[in-house]
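The chain contents come next:
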Amino acid sequence: MKVLVVGGGGREHAIVYALSKSKKVTEIYAAPGNAGIAKLAVCVNIKDTDIENIVNFAKDEQIDLVVVGPEASLALGIIDELQKAGIKAFGPSKGAAQIESSKNFAKDLMSKYNIPTARYEVFEDYNDAISYVEVAPFPTVIKYDGLAAGKGVVIANNFEEAKAALKDMLLDDKFGHGKVVIEEYLEGPEFSFMCFVDGTNVYPLQLAQDHKRAYDNDMGPNTGGMGAYTPLPFITEDDYNQALNEIMIPTAKALVNEEIPFKGVLYGGLMKTKKGIKVIEFNCRFGDPETEVVLPKLTSDIYDAFMAIVDGKEPVLTWDDKYYIGVVLASKGYPGDYKKGFIIENADDDHIFHMGTKVDEKGNLVTNGGRVLFAVANGNTLEEANKKANQLVDGIKCENLFHRTDIGAKAYKKF
Ligand code: AMP
Ligand code: GLY
């Protein structure tokens, strides 16, 4: 079988890696892929949002299955276009992708179907939003109503911060012209619950936790994620059942009821609060970097699982019993300004996924993004996995990278 993976980050490298283990898959293509993916797949130079050329490529090459990673491609309707061309594709339609592409849509859906989340109001007008935050309790959370590459959320600690965020989003159109959602601030540990979903059928993957802050002990600025681990000892059976039965299944059912059934990976960004599990956000795709720790744990065939969802059948999902920890190596300066083009050596391990790399004109592997590599290790305990992941990281030679050393540490220090 021939598979095309759309995207070119660590998430797509992990998807390609999992597909490369399938006995059914003979050829893998990636658009556009990256230097790490190129070792397992043929990278084609088509941007992940260039839908027309992706559809043409899939038709010309008679691709049996397309798997789409990034939200931007999904929000543009890539799945609808592939289906129109008669190509099987794993991912949600443009309509169902709104659960991520519009915060307003997601919040209204949750409100209509009583899915637990923070209280909220939606504003289009700057002055109305200002009047609201003048009397709001702080901290308060201000979210741009559209895709903003993880930068559209501001936790405002006082009126001045709220005003600045509202000015950016509503007056200066920093992310484009749009609305904002202002919501109640919630507290508690966050976790990521990814499920394969086909209409009302929900098939959970393993739980994972991302680490958003740049530095150890959750210090420093928010990033796209600096590491992840799975499974999660702090989630009890009760928490899990609540998340599945009160959030993930009702959300899948709600989308069917709204006549935009979801097919693909539904990602619940959830928080364990004192008042139960609540939704922080939904994504319409695999999480990054969660996917890079969850898929290595899968022992069943991922091609079969993707195809089962596409064909409306039940997927087989089995897992090993190890803990996995993954550490991001990021360019110094990230998430602010950083330089690219530094030579990377000794990053050949199978479990080092590439997030932002390229091969330069001299044939050297070099840094090519904010987040550059993701080193994953497993162990019988989280502590062992953390130690092995850090050893893997220490072996990588590059003068312009930094990383956190405490991924998963909160969990293993407590248990
Ligand atoms: P989002 O893009 O909606 O996931 O928001 C990004 C991050 O902002 C989340 O991972 C949380 O850490 C934080 N956040 C978002 N909404 C809230 C909320 N209502 N209360 C507290 N923190 C939040
Ligand atoms: N890890 C967060 C995300 O994928 O959006």
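Above this text is the structure in question.
From a predicted model like this one, the values you see are computed outputs, not experimental measurements.

## Let's talk about the site of ligand 2
- Taken together, Asp210, Lys212, Tyr267, Asn283, Arg285, Gly287, Asp288, Pro289 and Glu290 make up all the residues around ligand 2.
- With respect to ligand 2, the side chain of Asp210 contributes an N or O atom lying 2.8 Å from a nitrogen atom.
- One nitrogen or oxygen atom from the main chain of Asp288 is found 2.9 Å from an oxygen atom belonging to ligand 2.
- Calculation on ligand 2 without its partners gives an accessible area of 200 Å², and the protein chains cover 90% of this total.

## A short note on the pattern of salt bridges
- Using the criterion set out here, one finds 23 salt bridges in the structure.
- The salt bridge partner of Asp304 is Lys24, with a shortest N-O separation of 2.6 Å. Highlighted residues: Asp304 in helix H11 (residues 302-310) and Lys24 in the loop between helix H1 (10-20) and strand S2 (27-32), separated in sequence by 280 residues.
- The class of Asp304 is partly exposed, set by a relative accessible area of 33%.
- One salt bridge connects Arg404 with Asp406, and the closest N-O pair in it is separated by 2.9 Å.
- Since its relative accessible area comes to 2%, Arg404 is described here as buried.
- Judged by its relative accessible area of 12%, Asp406 is buried.

## A few points about unusual backbone geometry
- A cis amide bond links Ala31 with the next residue in sequence, Pro32, at an omega value of 0°.
- By the element assignment, Pro32 lies in strand S2.
- At the junction of Phe138 and Pro139, the peptide bond is cis and its omega measures out at -5° in the coordinates.
- Following the sequence through the fold, Pro139 ends up in the loop between helix H7 (126-134) and strand S7 (140-144).
- Even without glycine at this site, Asn217 takes up a positive phi of about 60°.
- Mapping Asn217 onto the fold places it in the loop between strand S13 (213-215) and strand S14 (219-222).
- For Asn217, a relative accessible area of 61% corresponds to the exposed category.

## A word on the pairing of strand S9 (residues 180-184)
- Burial within S9 is extensive, with four of its five residues counted as buried.
- In terms of strand pairing, strand S6 (residues 120-123) meets S9 through four bridges, oriented antiparallel. Looking across to S9, one finds that Glu121 is bridged to Ile182.
- Here five bridges tie S7 to S9, and the two strands are oriented antiparallel to one another.

## A look at the sheet that holds S2
- If you trace the five strands from one edge of the open sheet to the other, you get S3-S2-S1-S4-S5, paired in parallel fashion. Here the strands that pair on one side only, and so sit at the sheet edges, are strand S3 (42-43) and strand S5 (89-90).
- Of the strands in this sheet, strand S1 (2-7), S2 and strand S4 (65-68) touch H1, which is tilted by about 170° from S1.
- Running over the sheet, H11 touches S1, S4 and S5 and is turned about 95° from S4.

## Let's talk about a nonpolar patch on the surface
- The grouping of Val153, Ile155 and Tyr185 at the surface amounts to a nonpolar patch, some 230 Å² of accessible area in total.
- Considering the arrangement of structural elements, one finds Val153 in strand S8 (residues 153-156).
- The class of Val153 is partly exposed, set by a relative accessible area of 38%.

## Concerning the site of ligand 1
- Close to ligand 1 lie 14 residues; Glu183, Glu184, Leu186, Glu190 and Glu281 are nearest.
- At a separation of 2.8 Å, a nitrogen atom of ligand 1 approaches a polar backbone atom of Glu184.
- Coverage of ligand 1 by the protein amounts to 88% of the 470 Å² it exposes when considered alone.

## Observations regarding the nonpolar core
- Among the nonpolar cores identified, the biggest contains 78 residues, and Leu4, Val66, Ile78, Ile99, Phe191 and Met248 are the most heavily contacted of them.
- At seven residues, helix H9 (residues 237-257) tops the list of elements feeding residues into this core.
- Those residues in contact with Ile99 that sit more than four places away from it in its chain are Phe105, Ala106, Leu109, Thr251, Leu255, Phe262, Leu266, Phe282 and Cys284.
- Counting residues in each nonpolar core, the second largest holds 47 residues, with Val5, Ala208, Leu298 and Tyr334 among its members.

## Considering the packing of aromatic side chains
- Considering all chains together, one arrives at 13 aromatic pairs under this definition.
- With a centroid separation of 5.3 Å and an interplanar angle of 40°, the aromatic rings of Phe193 and Tyr240 are classed as tilted. Separated by 47 residues along the polypeptide, Phe193 in strand S10 (residues 190-198) and Tyr240 in helix H9 bring together distant segments of the chain.
- Here Tyr240 falls in the partly exposed class, since its relative accessible area comes to 27%.
- When the centroid spacing of 6.0 Å and the interplanar angle of 55° are considered together, the rings of Tyr215 and Phe402 count as tilted. Here Phe402 lies in strand S23 (residues 401-402) and Tyr215 lies in strand S13, a separation of 187 residues in the sequence.
- Assessed through its relative accessible area of 41%, Tyr215 is described here as partly exposed.

Calculation notes
Residues numbered from 1 in each chain as written. Chains lettered and ligands numbered in written order. Predicted model: local features only at pLDDT ≥ 70, side-chain atom pairs only at ≥ 80, totals over all residues. Heavy atoms only, no water. Near = heavy atom within 4 Å. Polar contact = N/O pair within 3.5 Å; in protein donor to acceptor, adjacent residues only side chain to side chain. Areas by Shrake-Rupley, 256 points an atom, 1.4 Å probe, with all protein chains shown as cover. Salt bridge = Lys/Arg side-chain N within 4 Å of Asp/Glu carboxyl O. Helix = DSSP H or I, 4+ residues; strand = E, 2+ residues; numbered from the N terminus. Buried < 20%, exposed > 50% of the residue type's maximum accessible area, 1.4 Å probe, protein only. Pairing = 2+ DSSP bridges. Contact = heavy atoms within 4.5 Å. Axes fitted to C-alpha atoms, helices over the stretch in contact; angles between N-to-C directions. Patch = residues over 30% accessible without salt bridge, like charges linked within 9 Å, V, L, I, M, F, W, Y side chains within 5 Å. Core = buried A, V, L, I, M, F, W, Y, C linked by side-chain atoms within 4.5 Å. Phe/Tyr/Trp six-rings, centres within 6.5 Å; stacked < 30°, edge-to-face > 60°.

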